[in-house]
Every structure is written in C-alpha cells, then in structure tokens.
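A look at the structure
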Amino acid sequence: MYGQNELTPKQKAAILLISLGPEVSSQVFRHLREDEIEKLTLEIASQRKVTQEQKEKVLDEFHSLLVAKEYISAGGLDYAREVLEKALGPEKAVSIINRLTSSLQIRPFDFARKTDPSQLLNFIQNEHPQTIALIMAYLTPEQSAAIISNLPADRQVEVSKRIALMDRTSPDVLKDVERVLERKLSSLATQDFTTAGGVDAIVEMLNRVDRTTERTIIENLEVQNPELAEEIKRKMFVFEDIVMLDDRSLQMVLREIDQKDLALALKASSGEVGEKIYKNMSKRASEMLREEIEYMGPVRIRDVEESQQKIVNVIRRLEESGEIIVSRGKGDEVIA
C-alpha cells in the first residue's frame, strides 16, 4: 500500500488509472509508449489496495492541473494565475502554476492562435510554402483547415506535404520566421527544439476541411508521395469513428465484413462502438457475435488492430465508390 504523503509521479499515475477504471484506462494506454505502458502496468499490478482518500487526493490533483492547463492555453499564465487564486487561494494557485511551468513551454505564434483565420490567411498566403507550413503547424486544426481551404490547389498540396514531413524545427529558424511576421503575429520564441507538424497534424486538419479540398490534397500526394498519402489515409478514419456513421451506411459496411474480423475488432473497443454495431444487427446475429467475443479468450493487440484496419479499409472503399457517406466537416452536410 502506498504511503499517504510519499507518492511518486508513477504511483499517482497508477492510482489515477485504477480510479478511472479499465475501460478509460485502456483508452489512455493507446496514447502511451510501450515502455510507459509496461512501467504503469507493473505499478498497477503491485498495488493491492488503494484507499478512498488516496483516490480523492490524486483525482483532485489531476483535475486541478488539467483546469490550470486549460486556463493557460486560453489566456496565458497571468490569466491562469488570477483565476486559480480566486478559486483555490493564492498558495495553492502558485503551487499548481509552478508545477506546470517547470515543464511547460509556451508555443510559438501564441498570438496567432487567437487571431481570425481570414486575417491569418492575408498575413501568410504569399509566403514560401515551408513558412506557411511552419506557421500552420502551430495553429489550431480549425484555423489551419480554414486557411488551407482557401489556398490555391497547388499550394494546398505543397503545404500539406511539408506539414506532414515536418519533424523538429530549430529555435533559430522559428525566431527568424517570427521576426519576419513580428509586426503582425506578436510571437514568443522558444528556448528549445519544439515538435510540430507530422502526419497526425495534417490528418486533424484534413478531417476538418471540405471533401473537395481533402480529395485534391490526397490525390496529388498519391502521385508525389504514395507512402505518405497511404499513411495519412489510414489515420483519417479510425475504427472508433464508426459511431459517426449513419445506420444505413453501417449496415452496408457490416454486410462486407467477415464475422471473425468483427469479433476481433470489438474485443478491445469501447462500449459505445459495440452498442452502435449491435443495434444495426439482427437480434440473432448480435447474440452470436457477443457469444463469439465472450468465448474468444486472450488475443494479441496486433491481431485486434489488423481486424479493425480491415474494417476501416472497407469503409474507405465504400466511401470512395459513393455507396456510403462519411461526414467530415464543412460542405459535407447530407441532404435527405
């Protein structure tokens, strides 16, 4: 049993995951590295009892840190400090802010994230594609989607490619870009290498643009960089997004899926996904599927992910052939 006042960060993380329960914890694990999962799993397994007081303290601390981060993101450090002092008192507010800022780095182009996308477009549309990509990588996905939708088609592709292939940017380059736009963007420079862009960034952006813009970018990337285009397409619709399909589309998808793949895919999915699928099956079929999952026994995560990807590929194929519609963002509203 953990000591009352001597919890390490790893122990606190273990208590938090225990408190959240297996379903939520499994979702958290999906965002961790393998070594992090192993360490946390061992910590959880070694703990036989967690008191209600420990749970409450850890959950309270987690909630305070989460709220503080949201305040910092919304209005900066001074705003966060002011709100927290009013809510929690000066001493606790200072403690929380100090803990966050010890590891917190304010991202470049902070002012730009509070600026209207149409104004940003005027600021950057005539810049070099690499400069546009660098700035957009630090914006919110909604801002980036609005900007890229209004760029010429050739620039959409070029900027998207550069964002997806972007990894780390040196402080000197960031400072140079900020200096050029200093009169318009009022930015803060970082003191260390910062990570931005990447495939996940462009996927978030493309998930929010209209279908025409998305298709233009993907089709051109398929010619220029097929491997990159395929990686982006794989991530644009994940298995859990099935809950966003309308019933008719899901029923068409289910007709194309092997029962064994469906059972494997649902083995480690959320209850929401399972209920959505069961609702669109006959009573007998859903009962058989539940039984198959129940008696399946332990399975490898890799096998589950492969089955989920097969189902995602079916959805993509049906969408590309026009048999189903996957709503993605502006311009994708369906007319009955």
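Everything numeric here is computed off the predicted structure, so don't read it as measured data.

Next up on the list: the overall build of the protein. The number of helices and strands found in the protein is 19 helices and two strands. Within the protein, buried positions represent 39% of all 336 residues. Once local pairs closer than 6 in sequence are excluded, the contacts in the protein between residues at least 24 apart make up 75%. Split by element, the accessible area of the protein, about 19600 Å² in all, is 50% carbon and sulfur.

Our next topic: the nonpolar core. Residues Met136 and Ile232 are the most contacted members of the largest nonpolar core, which totals 35 residues. Mapped by element, the contributors of at least two residues to this core are α6 (117–124), α7 (129–137), α8 (141–149), α9 (153–165), α10 (171–180), α12 (199–206), α13 (211–224) and α14 (226–236). By residue number, the principal contributor to this core is α7, which donates six residues. Discounting chain neighbours no more than four positions away, the residues touching Ile232 are Ala164, Val199, Ile202, Val203, Leu206, Ile218 and Leu221. Among the nonpolar cores identified, the runner-up in size contains 26 residues, and Phe237, Leu245, Val253 and Val314 belong to it.

Right, let's talk about the environment of Ala14 for a bit. Relative to the helices and strands, Ala14 resides in helix α1 (residues 9–20). Taking the relative accessible area as the measure of exposure, Ala14 reaches 0% and is therefore buried. Along the backbone, Ala14 and Leu40 are 26 residues apart, and their C-alpha atoms lie at a distance of 6.0 Å.

Pairing between side chains of opposite charge can happen when their charged atoms approach one another. Scanning the entire structure with this criterion turns up 10 salt bridges. Salt-bridge contacts for Lys310 lead to Asp261; the nearest nitrogen and oxygen are separated by 3.6 Å. With Lys310 in helix α19 (residues 301–320) and Asp261 in helix α16 (residues 259–267), this pair connects stretches of sequence that are 49 residues apart. Taking relative accessible area as the criterion, Asp261 reaches 14% and is therefore assigned buried.

With respect to the helices, strands and loops of the structure, Glu240 is situated in the loop between α14 and α15 (247–255). When its relative accessible area of 21% is taken as the criterion, Glu240 is described as partly exposed. Residues Glu240 and Gly274, 34 residues apart in the sequence, show an inter-C-alpha distance of 9.7 Å. Residues in contact with Glu240, not counting those within four places in the same chain, are Arg30, Val273 and Gln308.

Another aspect to go through is the side chain of Asn280. Inspection of the secondary structure assignment puts Asn280 in the loop between α17 (271–279) and α18 (283–294). Here the side chain of Asn280 touches Asp247 through a polar contact of 3.3 Å, side chain to side chain. When neighbours within four sequence positions are excluded, Asn280 is seen to be in contact with Asp247, Leu250, Gln251 and Leu254.

What follows covers the packing of α6 against α8. Running from N to C, α6 and α8 point in directions that differ by 55°, and their axes come no closer than 9 Å. As the angle between them shows, α6 and α8 are arranged oblique. Between α6 and α8 the crossing geometry is right-handed. Seen from α6, the contacting residues are Pro117, Leu120, Leu121 and Ile124; seen from α8, they are Gln143, Ala146 and Ile147.

Tracing the chain through its elements places Gln308 in helix α19. The contact partners of Gln308, leaving out residues within four places of it in the chain, are Phe239, Glu240, Ala265 and Ser269.

Before going further, it helps to spend a moment on the packing of aromatic side chains. All chains considered together, the criterion is met by zero aromatic pairs. The ring of Tyr278 has Arg290 lying over it, and the distance from NZ or CZ to the ring centre is 3.7 Å.

Working note: α-helix, 3.6 residues per turn, so residues spaced by three or four point in the same direction. Among the residues of α14, those classed as buried are Leu228, Ala229, Ile232, Lys233 and Met236. All buried residues of α14 project into a common sector of 135° when viewed along the axis, lining one side.

Taken together, the side chains of Leu20, Val24, Val28 and Leu59 make up a nonpolar region of the molecular surface, amounting to roughly 260 Å² of accessible area. Within the element layout of this structure, Leu20 appears in helix α1.

If you check α1, its first and last C-alpha atoms are 16 Å apart, about what 12 residues at 1.5 Å a residue would give, namely 16 Å. Within the span of α1, buried status applies to Gln11, Ala14, Ile15, Leu16 and Leu17. One or two positions beyond α1, positive phi appears at Gly21, with a value near 95°.

Calculation rules
- Residues numbered from 1 in each chain as written.
- Predicted model: local features only at pLDDT ≥ 70, side-chain atom pairs only at ≥ 80, totals over all residues.
- Heavy atoms only, no water.
- Helix = DSSP H or I, 4+ residues; strand = E, 2+ residues; numbered from the N terminus.
- Buried < 20%, exposed > 50% of the residue type's maximum accessible area, 1.4 Å probe, protein only.
- Contact = heavy atoms within 4.5 Å.
- Areas by Shrake-Rupley, 256 points an atom, 1.4 Å probe, with all protein chains shown as cover.
- Core = buried A, V, L, I, M, F, W, Y, C linked by side-chain atoms within 4.5 Å.
- Salt bridge = Lys/Arg side-chain N within 4 Å of Asp/Glu carboxyl O.
- Polar contact = N/O pair within 3.5 Å; in protein donor to acceptor, adjacent residues only side chain to side chain.
- Axes fitted to C-alpha atoms, helices over the stretch in contact; angles between N-to-C directions.
- Parallel < 35°, antiparallel > 145°, perpendicular 65-115°, else oblique.
- Left-handed = near helix turned anticlockwise from the far one by under 90°.
- Phe/Tyr/Trp six-rings, centres within 6.5 Å; stacked < 30°, edge-to-face > 60°.
- Lys NZ or Arg CZ within 6 Å of the ring centre and 35° of its normal.
- Arc of directions from axis to C-beta.
- Patch = residues over 30% accessible without salt bridge, like charges linked within 9 Å, V, L, I, M, F, W, Y side chains within 5 Å.
- Expected span 1.5 Å × (residues − 1).

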